[in-house]
Amino acid sequence: MLTKAEFVAAFKDALPEVFETKVSAEKAYDAFCQVLADGIAAKQGVRLPNVGALTVAERAERQGRNPQTGQPMTIPARKVVKFSPAKSLVEGVNK
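In short, a report on the structure.

**What about the overall build of the protein?**
Scanning the protein for helices and strands turns up three helices and five strands. Going from N to C terminus, the protein has its helices and strands arranged as α-α-β-β-β-β-β-α. A compact globule built from 95 residues should have a C-alpha radius of gyration of about 12 Å, whereas the protein, at 19 Å, is more than 25% larger. Judged by the C-alpha coordinates and their principal axes, the protein covers about 60 × 30 × 30 Å. For the protein, the proportion of its 95 residues judged to be buried stands at 16%. Of all intrachain contacts in the protein linking residues separated by at least 6 positions in sequence, the fraction that spans at least 24 positions is 30%.

As structure tokens, then:
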């Protein structure tokens, strides 16, 4: 799995005419992540062509068990981020 530093270095190397330094590539990466987070937080979702879509889904309250004691417990409802990969990404992985 790529770390942030490795991703930023690869990003800089992929676009040397745009990013002269790793710092500029890291700023672009941070801005990209912030735009993603804002789009998801606004419940709009984000669609990235050839990558996939990030959406917010509701999880209903449900019953579960405490793994240490075995006692039943209620797991509260919450929102989760859901990723649906693009068809081209899935096909690329399965080559």
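That covers the picture; the talk isn't over yet.
**A short note on the pattern of salt bridges**
Following the criterion strictly, the structure yields two salt bridges and no others. Notably, a salt bridge pairs E26 with K4, separated by 3.3 Å at the nearest N-O pair. Remark: K4 occurs in helix α1 (residues 4–14) and E26 occurs in helix α2 (residues 22–41); sequence separation between them is 22 residues. Note on E26: relative accessible area 33%, which makes it partly exposed. The salt bridge partner of K4 is D30, with a shortest N-O separation of 2.9 Å. In this pair, K4 is assigned in helix α1 and D30 in helix α2, connecting sequence segments 26 residues apart. Judged by relative accessible area, which is 37%, K4 ranks as partly exposed. Overall, D30 belongs to the partly exposed group, its relative accessible area being 36%.

**Observations concerning unusual backbone geometry**
Peptide bonds are, in most cases, trans, and in most cases residues other than glycine have a negative phi. Phi is positive for K43, close to 60°, though the residue is something other than glycine. Checked against the element boundaries, K43 lands in the loop between α2 and β1 (46–48).

**Some points on α2**
Taking 1.5 Å as the rise per residue, α2 with 20 residues should run 28 Å; its terminal C-alpha atoms sit 28 Å apart, in good agreement. Every buried residue of α2 is accounted for by A25, L36, G39 and I40. Summarising the axial view, the buried residues of α2 lie within an arc of 100°, below the 170-degree limit, and thus occupy one face. Of the residues in α2, the exposed ones pointing more than 90 degrees away from the buried face are V23, K27 and A41. On its buried side, α2 packs onto α1, β1, β2 (52–59) and β5 (78–85).

What counts, and where the lines are drawn
- Residues numbered from 1 in each chain as written.
- Predicted model: local features only at pLDDT ≥ 70, side-chain atom pairs only at ≥ 80, totals over all residues.
- Heavy atoms only, no water.
- Helix = DSSP H or I, 4+ residues; strand = E, 2+ residues; numbered from the N terminus.
- Rg over C-alpha atoms; globule rule 2.2 N^0.38 Å.
- Buried < 20%, exposed > 50% of the residue type's maximum accessible area, 1.4 Å probe, protein only.
- Contact = heavy atoms within 4.5 Å.
- Salt bridge = Lys/Arg side-chain N within 4 Å of Asp/Glu carboxyl O.
- Expected span 1.5 Å × (residues − 1).
- Arc of directions from axis to C-beta.

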